[in-house]
Amino acid sequence: MTDIGGPPQAATDSGRPLLAARNLTKTYGRTHALRGAGIELAAGEILAVTGPSGSGKSTLLHCLAGIVRPDGGEVTYGRERLDRLPEERLSELRRTEFGVVFQFGQLLPELTALDNVALPLLLAGTARARAHERAGAWLERFGVRGQQDLRPGELSGGQAQRVALARALVTGPRVVFADEPTGALDSLAGEQVMSALVRTARADGTAVLLVTHDAQVAAYADREVRMRDGAVAGAEVTS
Ligand SMILES: Nc1ncnc2c1ncn2[C@@H]1O[C@H](COP(=O)(O)OP(=O)(O)OP(=O)(O)O)[C@@H](O)[C@H]1O
Ligand SMILES: [Mg+2]
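The text that follows walks through the structure, step by step, so that each part is easy to find. (Residues numbered from 1 in each chain as written. Chains lettered and ligands numbered in written order. Predicted model: local features only at pLDDT ≥ 70, side-chain atom pairs only at ≥ 80, totals over all residues. Heavy atoms only, no water.)

Turning to the overall build of the protein chain, a few remarks are in order. Helix and strand counts for the protein chain stand at 7 helices and 10 strands. For 239 residues, the compact-globule estimate of 2.2 N^0.38 gives 18 Å, and the protein chain sits close to it at 17 Å. By principal-axis analysis of the C-alpha atoms, the protein chain measures approximately 45 × 40 × 35 Å. Expressed as a percentage of its 239 residues, the buried residues of the protein chain come to 51%. Partitioning the contacts of the protein chain with sequence separation of at least 6, the portion at a separation of at least 24 is 68%. When the accessible area of the protein chain is evaluated, it comes to approximately 11,000 Å², of which 49% is carbon and sulfur surface. Counting 27 positive and 28 negative side-chain charges, the protein chain places the averaged centre of each group 3 Å from the other. (Helix = DSSP H or I, 4+ residues; strand = E, 2+ residues; numbered from the N terminus. Rg over C-alpha atoms; globule rule 2.2 N^0.38 Å. Buried < 20%, exposed > 50% of the residue type's maximum accessible area, 1.4 Å probe, protein only. Contact = heavy atoms within 4.5 Å. Areas by Shrake-Rupley, 256 points an atom, 1.4 Å probe, with all protein chains shown as cover. Lys, Arg positive; Asp, Glu negative; His and termini not counted. Charge placed at Lys NZ, Arg CZ, Asp CG, Glu CD.)

Laid out in structure tokens, this is it:
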């Protein structure tokens, strides 16, 4: 792998969250998607964000992951003000420190499962043979090694989501952002995806920001916060 500067200093500071947002606002036309949302994610923590449809969960996740710039407020990753970073540094962070997985996996349809997982490593400069070796090991970890030569259209929904998780984790991110990762799955496949995600995150110390409207999925988290009307309404310990 190319050296991309290592984790931010504050990632090792005690007592400081790995990722934090304060007073975030985001407006789309006349819709106030976020109205003063705040949240903190500790290193290695699995945090569920729940709340009704339209309450701003995905928008908050996008702001925290550096995909969307908030109109106001602050997002801090380690010592860096994410909301102020130049696009170049943001995309570097997204490639190296963050992993994302969405409801419909969003795998590239023309690539095999193995190539989908290898892609982030190839983009980071890893040699092809090594990238494939690591991608294969991640597919193994998620129980989908046998499907490595299939394309996304040939996978079941649950298999595709496990491939998407492997792709999100293959670079060894410090934070994984998962927006309704089980939303398109039946409950058994959803449980398989969640247990694979949680087991891996715990083993590797990866923090997870999990957006879900499903209480059974939220129960996998260490902590849950609820959103309502663009703000975080309340917090509770789920385990
Ligand atoms: N790109 C966009 N353009 C216009 N409006 C948007 C956009 N993204 C979000 N919104 C609006 O902002 C509000 C919050 O949307 P968001 O997607 O964050 O909600 P959510 O809590 O994730 O909902 P769901 O549970 O249905 O996924 C909604 O009213 C939505 O219509
Ligand atoms: Mg959403």
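This is not the end of the story, as more comes after the structure.
Counted according to the given criterion, the structure contains 3 aromatic pairs. Ring geometry for Phe98 versus Phe177: centroids 5.1 Å apart, planes at 80 degrees, classification edge-to-face. Within this pair, whereas Phe98 is found in strand E6 (residues 98-101), its partner Phe177 is found in strand E7 (residues 175-179), the two being separated by 79 residues in sequence. Here Phe98 matches Phe177 in class, with each residue buried. By way of ring pairs, the aromatic residues Tyr77, Phe98 and Phe177 are connected into one cluster. Here the basic side chain of Arg141 rests over the ring of Trp138, its NZ or CZ set 4.6 Å away from the ring centre. (Phe/Tyr/Trp six-rings, centres within 6.5 Å; stacked < 30°, edge-to-face > 60°. Lys NZ or Arg CZ within 6 Å of the ring centre and 35° of its normal.)

The 4 strands are arranged E2-E1-E4-E5 in an open sheet whose pairing can be described as antiparallel. Of all strands in the sheet, those with a lone pairing partner are strand E2 (31-41) and strand E5 (80-81), marking the two edges. Across 2 bridges, the pairing between strand E4 (residues 72-77) and E5 is antiparallel. Each bridged residue has a counterpart across the sheet, and for Thr76 the counterpart in E5 is Arg81. In the packing of helix H1 (residues 57-64) onto the sheet, the strands contacted are strand E1 (19-28), E2 and E4, and the crossing angle to E2 comes to about 55 degrees. (Pairing = 2+ DSSP bridges. Axes fitted to C-alpha atoms, helices over the stretch in contact; angles between N-to-C directions.)

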